[in-house]
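# Observations on the model geometry
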Amino acid sequence: MSQDLFHEDEQLSEVLQQVSGHLRVSLANIHIALSRLIPPDLRDRQEQVDLNAAVLYQSYYRILRLANNLSDAAEPERPVGYSQTNGDIVGTCRDVLDRAGVPAEMLGIRLEFRCAKERHTIAMNRDRIERLLLNLLSNAFKFIGSGEKRVSLEVRIDPGYVYLTVSDTGRGIPPEMLDTVFDRCRQTNRLDPPPHGLGLGLPICRRIVQEHGGSLALTSEPGKGTSVTVSLLNRRMAAVVKEPTILFGSSGINPTLMELADALPREAFLQKYLD
């Protein structure tokens, strides 16, 4: 990369981080205002208020997801990656799929999970792996089409690698787009239905996998669906580190709904699903 391009890239990253930061501050204020103007007990009592509030909360989660993606895209490549601990990759995958169960039901999608083992421990960053899986599920949900609606997550364990494969029975990707699907933010011919994202999901997924020393492969056939296979190193940390307790929703944010926000109907953001 030339010196000029390097400085342009640095400047763009700085701008994206600033934009993301401003969005987060404004969104925090919006979240507080929403909870005060339309408190949960009012939503529980009045169905129409709950439906109207769901539209606002869906928009809030979509913009929050965008802010997170912009922040991630602006970060420099990490040769080592985020901190990792020894954790159960099978349980993590099963938990993410369980949390996506109700949203999938709303879309008429049947979720399937396959793994020959109940547990398997590897070195990983659980938050990042969950984000990876939710991004892949979001894409599968968005492109599922109108025929058979099935999305599966399979975990295969070999001596050297653990393979996570998310497959769907959706529309698939045209062959001419397969080579550029990881650079979709530069494409004008969008695949995804409105509201359009910036095409950052798959590049972020690839980055998360690379942080774990792995790789990502995508295969697709128009009209038959898409499969994304993640290869993670089958290794553990030398020192035994206790896996941190995940305080799901402790910040008032439902991370599952946030990552799936672009793919879901407004009903997914009713009060009973935000709790």
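Report follows, based on the coordinates. This one's a predicted model, so the numbers in the text were calculated from it and none came from an experiment.

### Side note on the overall build of the protein chain
A tally of regular secondary structure across the protein chain gives 9 helices and 7 strands. Within the span of the protein chain, comprising 275 residues, buried residues form 46% of the whole. Counting only contacts in the protein chain whose residues sit at least 6 apart along the sequence, the fraction spanning at least 24 positions is 75%. A total accessible area of about 14,300 Å² is found for the protein chain, and carbon and sulfur atoms account for 53% of it.

### A word on helix H7 (residues 201-211)
Working note: α-helix, 3.6 residues per turn, so residues spaced by three or four point in the same direction. Among the 11 residues of H7, 8 are classified as buried, and the element is accordingly described as predominantly covered. Every buried residue of H7 is listed here: Gly201, Leu202, Ile204, Cys205, Arg207, Ile208, Val209 and Glu211. Packing partners of the buried residues in H7 comprise helix H3 (47-74), helix H6 (126-142), strand S6 (215-221) and strand S7 (225-233). Following H7 by one or two positions, Gly213 has its phi on the positive side, about 75°.

### Here's the deal with the packing of helix H4 (residues 89-99) against H6
Axis separation between H4 and H6 bottoms out at 10 Å; the angle between their running directions is 45°. Here H6 runs oblique to H4, going by the angle between their axes. Between H4 and H6 lies a crossing whose hand is right-handed. Contact residues: H4 offers Ile89, Thr92, Cys93, Asp95, Val96, Leu97 and Arg99, while H6 offers Arg126, Ile129, Glu130, Leu133, Leu134 and Leu137. Classifying every residue of the contact of H4 with H6 gives 8 nonpolar, 1 polar and 4 charged.

### Considerations on the side chain of Thr121
Secondary-structure assignment places Thr121 in strand S3 (residues 121-124). According to the relative accessible area criterion, Thr121 is buried, its value standing at 18%. Other than its neighbours up to four places away in sequence, Thr121 contacts Asn86, Gly87, Asp88 and Arg236.

Cut-offs and rules
- Residues numbered from 1 in each chain as written.
- Predicted model: local features only at pLDDT ≥ 70, side-chain atom pairs only at ≥ 80, totals over all residues.
- Heavy atoms only, no water.
- Helix = DSSP H or I, 4+ residues; strand = E, 2+ residues; numbered from the N terminus.
- Buried < 20%, exposed > 50% of the residue type's maximum accessible area, 1.4 Å probe, protein only.
- Contact = heavy atoms within 4.5 Å.
- Areas by Shrake-Rupley, 256 points an atom, 1.4 Å probe, with all protein chains shown as cover.
- Axes fitted to C-alpha atoms, helices over the stretch in contact; angles between N-to-C directions.
- Parallel < 35°, antiparallel > 145°, perpendicular 65-115°, else oblique.
- Left-handed = near helix turned anticlockwise from the far one by under 90°.
- Nonpolar A, V, L, I, M, F, W, Y, C, P; charged D, E, K, R; others polar.

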